[in-house]
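Fold and contact review
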Amino acid sequence: MNYTKILIKPLVSEKATFLKEEAQQVTFFVAPSANKIEIKKAVEEAYNVKVAGVNVVKRRPQPKVRHGRTVGQTSGFKKAYVTLAAGEKIEFFEGV
């Protein structure tokens, strides 16, 4: 599988920025069918870095409730926290 189909987009939030600076972890939204091995290979191929580990979080779709009635669903997603090897770095929005 091509890495462009596995890595959907990087997640940029307060928590993701803190993990990037302190714990050498980068966060991505990934394809729901991707596993840890595929995610590791995709990040190594796309950014030319060495990956130490991958943790995955999967969130199910949740019902959207308004005034006590269910009116739809929020979308689910799969996130990957990628731990980089010592000395490696991925730069997304540096200097902005």
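Summary of the structure given here. The residue count restarts for each chain, going from 1 along the sequence in the order it is written. Local features in this predicted model are restricted to residues of pLDDT 70 or higher, and side-chain atom pairs are both shown and tallied only at a pLDDT of 80 or more, whereas totals for entire chains, interfaces and linings draw on every residue. Side-chain measures here rest on the full set of heavy atoms in the structure, leaving out hydrogens and waters.

Section: the pairing of strand 6 (residues 77-84)
Basically, it comes down to this: Each residue is placed in one exposure class: buried if its accessible area under a 1.4 Å probe, protein chains only, is under 20% of its type's maximum, exposed if it is over 50%, and partly exposed if it falls in between. The helix and strand labels rest on DSSP assignments: H or I over at least four residues marks a helix, E over at least two residues marks a strand, and numbering proceeds from the N terminus. In this analysis, strands are considered paired if DSSP registers two or more bridges between them.
Counting buried positions along strand 6 yields six of eight residues, so the element is predominantly enclosed. The pairing of strand 2 (residues 25-30) with strand 6 spans six bridges and is antiparallel. By the bridge assignment for strand 6, Q25 is matched with T83. Relative to strand 6, strand 3 (residues 51-59) is paired through eight bridges, and the arrangement is antiparallel. Its bridge partner being in strand 6, N55 is matched across the sheet by Y81.

Concerning helix 3 (residues 36-47)
Selection criterion: Take the number of residues in a helix, subtract one, and multiply by 1.5 Å to get its expected span. Working note: the arc is built from the helix axis to C-beta atom directions. By definition, residues are in contact when any of their heavy atoms lie within 4.5 Å.
In this model helix 3 runs 16 Å from its N-terminal to its C-terminal C-alpha over twelve residues, within 8% of the 16 Å that 1.5 Å per residue would give. Buried within helix 3 we find I39, A42 and V43. Each buried residue of helix 3 sits inside an arc of 95° when the element is viewed along its axis, so together they form one side. Of the exposed residues in helix 3, those oriented more than 90 degrees away from the buried face are I37, K41 and E45. On its buried face, helix 3 sits against helix 1 (3-6), strand 1 (7-10), strand 2, strand 3 and strand 6. The first or second residue beyond helix 3 is N48, which carries a positive phi of 55°.

Here's the deal with the nonpolar core
Note the following rule: The set of buried Ala, Val, Leu, Ile, Met, Phe, Trp, Tyr and Cys residues whose side-chain atoms join them within 4.5 Å is what this entry labels a nonpolar core.
Counting 17 residues, the largest nonpolar core has F28, I39, V43 and V82 as its most contacted members. Listing elements by their share of this core, those giving two or more residues are strand 2, helix 3, strand 3 and strand 6. Excluding its chain neighbours within four sequence positions, the residues that come into contact with V82 are Q24, Q25, V26, F28, I39, V43, V51 and G53.

Some details on the side chain of T27
In this structure, T27 sits in strand 2. Among the residues examined, T27 registers a relative accessible area of 2% and is labelled buried. Those residues in contact with T27 that sit more than four places away from it in its chain are P10, L11, A16, K79, A80 and Y81.

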